[in-house]
Amino acid sequence: MLPLTQVKVMTGVGATLVVLCSIFIGVFPLIFNTIVDKMLVIREDSDTFEAFVTPPIPIYMQFWLFNVTNPEEIRFNGAKPVLEQVGPYTYEEVRVKYAFDWSKEGTVSYLQNKSYIFSPELSGERRESDLITSINVLMVLASHVFQGRQDLISSTIWTQLEASLDLFETHEAGDILFYGYDLPAFNFDFSGLGNLVPKLDETEGWSGTLADVMDQMGFQDVPQVVLDNKLALLLGVNNTDDKVYEVKTGSDGMGDFMNIQSWNGSSTLHYWKGEGAQYCNMINGTDGSQYPPRLTRDSVLRIYTSELCRSLYLTYEKDLYHHGIPVYRYVPPREVLEDPEVNHDNLCYCVPDRDHCLGAGMLSLQPCLGLPLVLSTPHFYQGDEKELAKLVGLNPTKSEHETTIDVEPRTGVAMYAAKKMQLNIPLKRYGNLPSFKNVPEVIFPILWVNESANVDADMSQEVRNAVFVPFVVVDAICGSLIAVGALLLVLSGFRFLHIKPRYSFTALHSNTAPEACSVKVKPLVITRSAEQDKL
C-alpha cells in the first residue's frame, strides 16, 4: 500500500471511530432509559411483577413504648410525666398484593394484605412479655364521652368505670401492641333503684362485656375489637388489607409511574374541613416504595399512606452512597408539619377549627379515625417546644427521629426508607371526672414506630450490575475505541508530514516532470551576407 493511501485509511478509520463512539455514548442513556421504562411497567407478564406483588426487600416495624415511671404523681399531684423509652420491639412486615383489576387503561387496582411477625433476633433483649406501664387509652377515650355530663345515669356509669379501670395500667408489650388484654366485665344495671330514681329503669340489662353493654344501650355496628372484649393499640390491624389502591402502571408514560390515582374508591380524602380543605384532602404521590425514574436534586417526592391520614412531600437533602451505589436522600422539609399559624397551608388540619390548632409536628386523627388521638414526629422532633418541655425523658435527634428516603435516581427505586411517627393522646382535666381532676394538660406519648426497608449488600450488587455496569462497559469500550481512533488520527498526521517533503522533491527532479515545465532550446545558425563575400 502506498504511503499516501495508508494515511487516508488511517484518517478515515480514526475519524469514524471517534465520531461513532462519541455519538453512541451520547445516545446510550436514551437507549438505557427506554429499556428501564419497559422493565418497570407493571404487567402480569413482566419480570418485575413478582416484586410488585410481594416486595423482595424485608420490611420491619420497630416499636418503642413509653413506660410511665411516675403514674401516681401524675394522677394525684399533676406532676410532669417521666417517661422511659423501651424497645425496639421489631416485627417483620409481610405485604402481599392481590385482587388485581386491570380494567382501566394505564392503571391497576389491588388490595394489599399486611401481617406482622415478631422477630426476637432483631429485638435485642426486648420480649413481648415485657411489662410496660402506659396510659389507659380506653379510659381517656371514655372521658371524652362523659365529660360535661351531669345526669345521674352518666355519673353512675362513670363511677363504675373508675372502679374497674385505672388511668395508668401495666400490661405486656405484645398485648399493648397487637394481641390485646382482656377488659373487665361491667355492671351498669341500676334498674333495682328505679323505685327511688325512675330514670334508672333505663339501665336494665346494662351489664356484661363492653360489647354487651353497648348492644343493650342501642349502639349500631359494634366494632369487632369491642366484640372481642380486648384492647390493643393495633388490635384488628394484623393480617388485614388497607382498602383498594389504584396506581399508574407506567404503560402510558413514566412521569407519574406508581402514583396513586384513588384510594378506597375516591381520588381525594374527605377528612379535613378547615380552611383550604381541598389541599389537605389531596392524595398525592406513591406509597413510598417506588418513584418515577430519572429523579433530580430538584425533584419533590410525594407520598400517601392511609396511616398518616394525609399526603406528605419530601425534598432533596444530600448525596450519599448505599453499598457503593450513588443515591439521593430526601427528607420532609420543616414546613410540611409546621405550626398552622406559621404555614397557613396547614390550617385545614385544625380540628374542629382554627382556634384548636395543634402545634408544629402534630396532626389530629379525630377526623380520620374518629378517636381523639394525635400523630406526631418521634420525641416531637422539629415539633412544638412547649409540649416537649412538659415531659421528661424525650430527646429528639435528627439521626434517630427523622423520616428519610434514599433513592437511586436513574430507576426511582428506594434503596433505604424509614418512615417514623409517634402516637399520642391528649391528657387534661376532663370536666369533674375524679381520675382527671389533678392531671397536667399534655399531649401524652404512647409509642413511636419506625417502618423501614433496607436493600442489603447482595441485592445492591444486583442493582449495581443492572444500572451501572452497562454504563461502565459502554464507557470502557467506546472510550478505548475513541482513544484508538484518536491515536490513528495522530499517527496519520505524523505520517503525512513525514512523506510530504519526499513527494515535493521527487516532483521537482523526476524525468517524468510535466511538459509545461520543460525548456526547448532552438539551434543557432550563423550565415554570411553577399557583401561580406565580395570583400
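Here the structure is a predicted model, which is why all the values come from computation and not from measurement. (Residues numbered from 1 in each chain as written. Predicted model: local features only at pLDDT ≥ 70, side-chain atom pairs only at ≥ 80, totals over all residues. Heavy atoms only, no water.)

K.L.:
Requested: an account of the overall build of the chain, with residues and values cited.
P.N.:
Helix and strand counts for the chain come out as 15 helices and 20 strands. Whereas a compact globule of 535 residues would reach a radius of gyration of roughly 24 Å, the chain reaches 40 Å, over 25% beyond that. The dimensions of the chain, computed from C-alpha atoms along their principal axes, are 190 × 45 × 45 Å. Within the chain, buried positions represent 45% of all 535 residues. Sequence-distant contacts, at least 24 apart, represent 64% of the contacts inside the chain between residues at least 6 apart. Accessible surface, the chain: about 28300 Å² in total, of which carbon and sulfur atoms supply 56%. (Helix = DSSP H or I, 4+ residues; strand = E, 2+ residues; numbered from the N terminus. Rg over C-alpha atoms; globule rule 2.2 N^0.38 Å. Buried < 20%, exposed > 50% of the residue type's maximum accessible area, 1.4 Å probe, protein only. Contact = heavy atoms within 4.5 Å. Areas by Shrake-Rupley, 256 points an atom, 1.4 Å probe, with all protein chains shown as cover.)

K.L.:
Report on the packing of aromatic side chains, specifying residues and quantitative values.
P.N.:
Aromatic rings in a pair are described by how distant their centres are and how their planes are angled relative to each other. Counted according to the given criterion, the structure contains 27 aromatic pairs. Clustering of aromatic rings is evident, with ring pairs tying together Phe 49, Phe 52, Phe 100, Trp 102, Tyr 110 and Tyr 245. Cation over ring: Lys 97 sits above Phe 52, and NZ or CZ is 4.7 Å from the ring centre. Between the NZ or CZ atom of Arg 410 and the centre of the ring of Phe 471, over which it lies, the distance is 3.9 Å. (Phe/Tyr/Trp six-rings, centres within 6.5 Å; stacked < 30°, edge-to-face > 60°. Lys NZ or Arg CZ within 6 Å of the ring centre and 35° of its normal.)

K.L.:
An account of the state of the cysteines is requested, with residue identities and associated values reported.
P.N.:
Put plainly, two cysteines are in a disulfide when a covalent bond ties their sulfur atoms together. Scanning the model with the defined rule gives three disulfides in all. Paired by a disulfide, Cys 280 and Cys 348 hold their sulfur atoms 1.6 Å apart. Because the sign of the S-S torsion sets the handedness, a value of about 55° for the bond joining Cys 280 and Cys 348 places this disulfide among the right-handed ones. With Cys 280 in helix H9 (residues 277-280) and Cys 348 in the loop between strand S15 (325-331) and strand S16 (362-364), this residue pair connects regions lying 68 residues apart in the sequence. For Cys 348, a relative accessible area of 1% puts it in the buried group. Between the sulfur atoms of Cys 350 and its disulfide mate Cys 357 the distance is 1.8 Å. (Disulfide = S-S within 2.5 Å.)

K.L.:
Summarise the confidence of the model for the chain; cite the residues concerned and give the values.
P.N.:
Overall, the prediction assigns the chain a mean pLDDT of 87, with 90% of residues at 70 or greater. The secondary structure element of the chain with the lowest average pLDDT is helix H15 (residues 530-534), at 47, and the one with the highest is strand S1 (residues 59-68), at 98. Within the model, pLDDT remains below 50 along residues 530-535, and this stretch shows one contact once partners closer than five positions in the same chain are excluded. (pLDDT = per-residue confidence, 0-100.)

K.L.:
I'd like a description of the environment of Asn 238, backed by residues and values.
P.N.:
Along the chain, Asn 238 falls in the loop between strand S9 (230-231) and strand S10 (240-241). Taking C-alpha positions, Asn 238 is 9.5 Å from Glu 93, a pair spaced 145 residues apart along the chain. Apart from residues lying up to four places away in sequence, Asn 238 is in contact with Lys 114, Ser 115, Tyr 116 and Phe 178. Among the polar contacts listed, one links the side chain of Asn 238 to the backbone nitrogen of Tyr 116, at a separation of 2.8 Å. (Polar contact = N/O pair within 3.5 Å; in protein donor to acceptor, adjacent residues only side chain to side chain.)

K.L.:
Please give an account of the pairing of strand S3 (residues 107-118) that cites residues and values.
P.N.:
Regular strands place their side chains on alternate faces of the sheet. Along S3, 11 of the 12 residues are buried, which leaves the element largely enclosed by surrounding structure. In this structure, strand S2 (residues 83-101) lies alongside S3, joined through nine bridges in antiparallel fashion. If you follow Val 94 over to S3, its bridge partner there is Ser 115. The hairpin turn running from S2 into S3, its antiparallel successor, is five residues long, and Gly 106 in that turn takes a positive phi close to 85°. Here four bridges tie S3 to strand S11 (residues 245-248), and the two strands are oriented antiparallel to one another. For Thr 107, the partnering residue across the bridge sits in S11 and is Lys 248. (Pairing = 2+ DSSP bridges.)

K.L.:
I'd love a proper account of unusual backbone geometry, names of residues and values included.
P.N.:
Cis peptide bonds are those with omega within 30 degrees of zero, and the linkage from Gly 87 to Pro 88 qualifies with 5°. Structurally, Pro 88 is set in strand S2. For the peptide bond that leads from Val 351 to Pro 352, omega is 0°, which places it in the cis range. Mapped onto the elements, Pro 352 comes out in the loop between S15 and S16. Residues other than glycine seldom take positive phi values, yet Arg 294 does so here, at roughly 65°. Checked against the element boundaries, Arg 294 lands in the loop between H9 and strand S13 (300-305). Residue classification places Arg 294 among the partly exposed residues on the basis of a relative accessible area of 35%. Positive phi outside glycine occurs at Gln 382, with the angle close to 55°. Here Gln 382 lies in the loop between strand S17 (374-376) and helix H11 (385-389). With a relative accessible area of 32%, Gln 382 lands in the partly exposed category.

K.L.:
Pulling in residues and values, what's your account of the pattern of salt bridges?
P.N.:
All chains considered together, the criterion is met by 19 salt bridges. Residue Lys 114 is joined to Glu 307 by a salt bridge in which the shortest nitrogen-to-oxygen separation is 3.1 Å. Separated by 193 residues along the polypeptide, Lys 114 in strand S3 and Glu 307 in the loop between S13 and strand S14 (310-322) bring together distant segments of the chain. On the accessibility criterion, Glu 307 (31% relative accessible area) is partly exposed. In this structure, Glu 387 engages Lys 390 in a salt bridge whose closest nitrogen and oxygen atoms are separated by 3.1 Å. Looking at Lys 390, the relative accessible area reads 30%, which means it is partly exposed. A cluster of three or more residues bridged by salt bridges with shared partners is formed by Glu 93, Arg 95, Lys 419 and Glu 451. (Salt bridge = Lys/Arg side-chain N within 4 Å of Asp/Glu carboxyl O.)

K.L.:
Could you give an account of a nonpolar patch on the surface, with specific residues and numbers?
P.N.:
A surface patch of nonpolar side chains, amounting to about 800 Å² of accessible area, comprises Val 19, Leu 20, Ile 23, Phe 24, Val 27, Leu 30, Ile 31, Ile 35 and Met 39. On the secondary structure map, Leu 20 appears in helix H1 (residues 3-40). (Patch = residues over 30% accessible without salt bridge, like charges linked within 9 Å, V, L, I, M, F, W, Y side chains within 5 Å.)

K.L.:
Go over the environment of Ser 164, please, and point to the residues and values.
P.N.:
Note that Ser 164 resides in helix H5 (residues 152-164). It is 94 Å that separates the C-alpha atoms of Ser 164 and Leu 489, two residues lying 325 residues apart in sequence. In contact with Ser 164, not counting residues within four places along its chain, are Pro 184, Ala 185 and Phe 186.

K.L.:
For the packing of helix H4 (residues 137-146) against H5, give the residues involved together with the corresponding values.
P.N.:
Interhelical geometry of H4 versus H5 gives an angle of 170° and a closest axis separation of 11 Å. Overall, the two elements H4 and H5 adopt an arrangement that is roughly antiparallel. Residues Met 139, Ala 142, Ser 143 and Phe 146 of H4 lie in contact with H5, whose contacting residues are Ser 154, Ile 157, Trp 158, Leu 161 and Glu 162. (Axes fitted to C-alpha atoms, helices over the stretch in contact; angles between N-to-C directions. Parallel < 35°, antiparallel > 145°, perpendicular 65-115°, else oblique.)

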